[in-house]
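# Examining the three-dimensional arrangement
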Amino acid sequence: MGKINTNIILTVALAALLILPQQEINSARILSVAFMSSRSHKITYEPLLYELAARGHDLTIVAPFISGKPRKNVREILTIDFEKYAESIKVPNMFEMKERGEQLTPIQMADIFADVCIKTYDLPHVQALLKEKFDLIIMPAIFNECTAGFVYKLNTSLVLFSPASLPSWVSTVFGNPMPPSFVPNLFTGFGDSMTFYQRLVNFIVEGLVRGAWSGYMEPKMEAIYRDKLNDPSIPSSAEILKNASLVFSNSHVSLMKPKPFLPDIIEVGGMHCRPAKPLPKVRVLHLVSVPWVLI
């Protein structure tokens with residue numbers, strides 16, 4: 001066999017690359033993971049995921065809810081059925097609680113999230129994902145401190161999505177503080193034009209929520225993922241999440257009060273809205289009212 005001509009090899013390799021479909025060259029393996037999520041949270045960022053798949057990227061979705069509808073380039077992995085789990089432990093209906101002016105406290109939420117976190121880490125098909133390689137991870141920013149350890153082990157780029165307007169305890173991680181003097185806490189329901197009394201209440205609630213999150217929620221979640229991943233050296237959830245390259249917030253100044261966001265926090269409120277469907281055509285029976293005659 002004669003001497004191999006390097007120039008010919010390079011020419012053939014370049015030609016092979018040029019004739020490959022463009023999407024195969026640029027496609028990436030993307031993981032969307034949420035150990036803790038509600039259906040109403042997941043639908044806010046689903047259009048982003050499905051659009052990435054439609055553009056040729058290989059998408060894996062890990063969540064407590066799956067659509068069950070086959071889609072090209074999409075693999076869905078169910079963690080636990082959260083609706084059945086919520087029924088089994090008698091979690092109150094959040095919408096009914098809101099109508100009554102009630103909310104779960106951060107401590108109550110932490111206890112629920114901890115149980116879900118432990119059950120999710122114990123699933124063999126979730127553990128198996130740690131052996132795969134991904135180019136990008138997309139994760140909900142709210143209530144997923146437990147998932148941070150899983151993300152850390154996969155060691156790749158991270159993008160966060162907030163299903164609601166980004167809360168202060170998450171934005172602060174990125175060096176984006178939200179002063180309680182004019183930014184209402186998620187749990188108060190105040191507007192940005194607060195009275196002195198409302199500002200005082202907002203300041204107190206902000207301090208209590210921050211204290212509960214950093215003093216109870218985060219240490220509880222961090223202890224779980226360090227134990228389940230058998231690695232006590234995994235950093236805190238705040239250290240992991242602050243390395244995210246980008247944060248999408250399901251908010252917009254046209255829909256709610258403005259917030260002071262840095263350039264790496266992008267508002268995409270309304271992204272999940274679909275075009276309206278026409279109303280069904282029904283026959284309407286017109287009733288003619290006849291006044292009563294008093295005799």
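As the structure is a prediction and not an experimental result, all values here were calculated from the model.

Moving on: the packing of aromatic side chains. All chains considered together, the criterion is met by seven aromatic pairs. Ring geometry for F113 against F143: centres 5.2 Å apart, planes inclined by 40 degrees, an arrangement best described as tilted. Placement of F113 in helix α6 (residues 106–121) and of F143 in the loop between β4 (136–140) and α8 (148–154) is noted, with a sequence separation of 30 residues between them. The burial state of F113 is the same as that of F143; both residues are buried. Members of the aromatic cluster, each reached through a chain of ring pairs, are F113, F143, W169 and W213. For R29, the ring lying beneath its charged end belongs to F134, and the centroid distance is 4.8 Å.

Strand order in this open sheet of seven strands is β3-β2-β1-β4-β5-β6-β7, and the pairing throughout is parallel. Pairing within the sheet leaves two strands with one partner each, and these edge strands are β3 (74–78) and β7 (265–267). If you compare each strand with its neighbour and ignore which way they point, the axes differ by 20 degrees on average. Pairing between strand β1 (residues 29–33) and β4: three bridges, direction parallel. Of the residues in β4, the one forming a bridge with I30 is L136. Together, β1, β2 (58–63), β3, β4, β5 (157–162) and β6 (246–249) form the strand contacts of helix α3 (residues 39–54), whose direction differs from that of β2 by roughly 160 degrees.

Scoring rules and cut-offs
- Residues numbered from 1 in each chain as written.
- Predicted model: local features only at pLDDT ≥ 70, side-chain atom pairs only at ≥ 80, totals over all residues.
- Heavy atoms only, no water.
- Phe/Tyr/Trp six-rings, centres within 6.5 Å; stacked < 30°, edge-to-face > 60°.
- Helix = DSSP H or I, 4+ residues; strand = E, 2+ residues; numbered from the N terminus.
- Buried < 20%, exposed > 50% of the residue type's maximum accessible area, 1.4 Å probe, protein only.
- Lys NZ or Arg CZ within 6 Å of the ring centre and 35° of its normal.
- Pairing = 2+ DSSP bridges.
- Axes fitted to C-alpha atoms, helices over the stretch in contact; angles between N-to-C directions.
- Contact = heavy atoms within 4.5 Å.

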